[in-house]
Amino acid sequence: MRLTTLAATGLMLGLVALAGGRDAAALECNEKNPDICTTCEELRKAYSGGDIKSIRQVRGRSVWTPLYAAYFKDCPELAARYLGMGVHPAVGGMEGDLLATVISWDRWEVPKRAEWVQMLVRGGARLDSPPITDRTTRQRLMQEYGQRDDIMALIKIAEDAGG
């Protein structure tokens, strides 16, 4: 029992040492860790001073751009600002296809996702153009998700908005 307590205490001290040292930066809100940011203002500051048109990093299947980070943290005003500054409206998210990410990721109900779809389409995202791969957004959605009701409704919204 005593040995277990000592081992747990040693593990905790090791974690505290890591957090207090050079690895603490991995836990800070910045352009390398936008998912750590807790507010839209923190996210804006994380990307200030850098090239907001660049792809910052790829993690797993997600391509992190400032626009995707704004979507991820639900910061539509920040996203509109980035779009106004010339950020590519379709690049980011799942495999670099932000429009497909917004349409397919059911983290929010259709009305909220529809607002993001319309914003991206107004910014120039299109269903039948490939953002950074050979597949178009429409192809990706149909191949990966099929005729799911929410996806079909959001595709219609994108089409009606001109996308």
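Relevant structure appears above.
Residues numbered from 1 in each chain as written. Predicted model: local features only at pLDDT ≥ 70, side-chain atom pairs only at ≥ 80, totals over all residues. Heavy atoms only, no water.

Draft legend 1. Inspection of the overall build of the protein chain at higher detail. Assigned secondary structure in the protein chain consists of eight helices and three strands. Reading the helices (α) and strands (β) of the protein chain from amino to carboxyl end gives α-α-β-β-α-α-β-α-α-α-α. Counting all 163 residues of the protein chain, 37% fall into the buried class. Long-range contacts, defined as pairs at least 24 residues apart, comprise 60% of the intrachain contacts of the protein chain with a sequence gap of at least 6. For the protein chain, the exposed area adds up to about 9000 Å²; of that, 56% sits on carbon and sulfur atoms. (Helix = DSSP H or I, 4+ residues; strand = E, 2+ residues; numbered from the N terminus. Buried < 20%, exposed > 50% of the residue type's maximum accessible area, 1.4 Å probe, protein only. Contact = heavy atoms within 4.5 Å. Areas by Shrake-Rupley, 256 points an atom, 1.4 Å probe, with all protein chains shown as cover.)

Draft legend 2. Spotlight on the state of the cysteines. Scanning the model with the defined rule gives two disulfides in all. Covalent S-S linkage joins C40 and C75, the inter-sulfur distance amounting to 2.1 Å. Its S-S torsion of approximately -95° makes the covalent link between C40 and C75 left-handed. With C40 in helix α2 (residues 40–47) and C75 in the loop between α3 (66–72) and α4 (76–84), this residue pair connects regions lying 35 residues apart in the sequence. C40 gets classed as partly exposed once you look at its relative accessible area, which sits at 32%. Disulfides within the protein chain link the bonded cysteines, taken in sequence order, as 1-2, 3-4. (Disulfide = S-S within 2.5 Å.)

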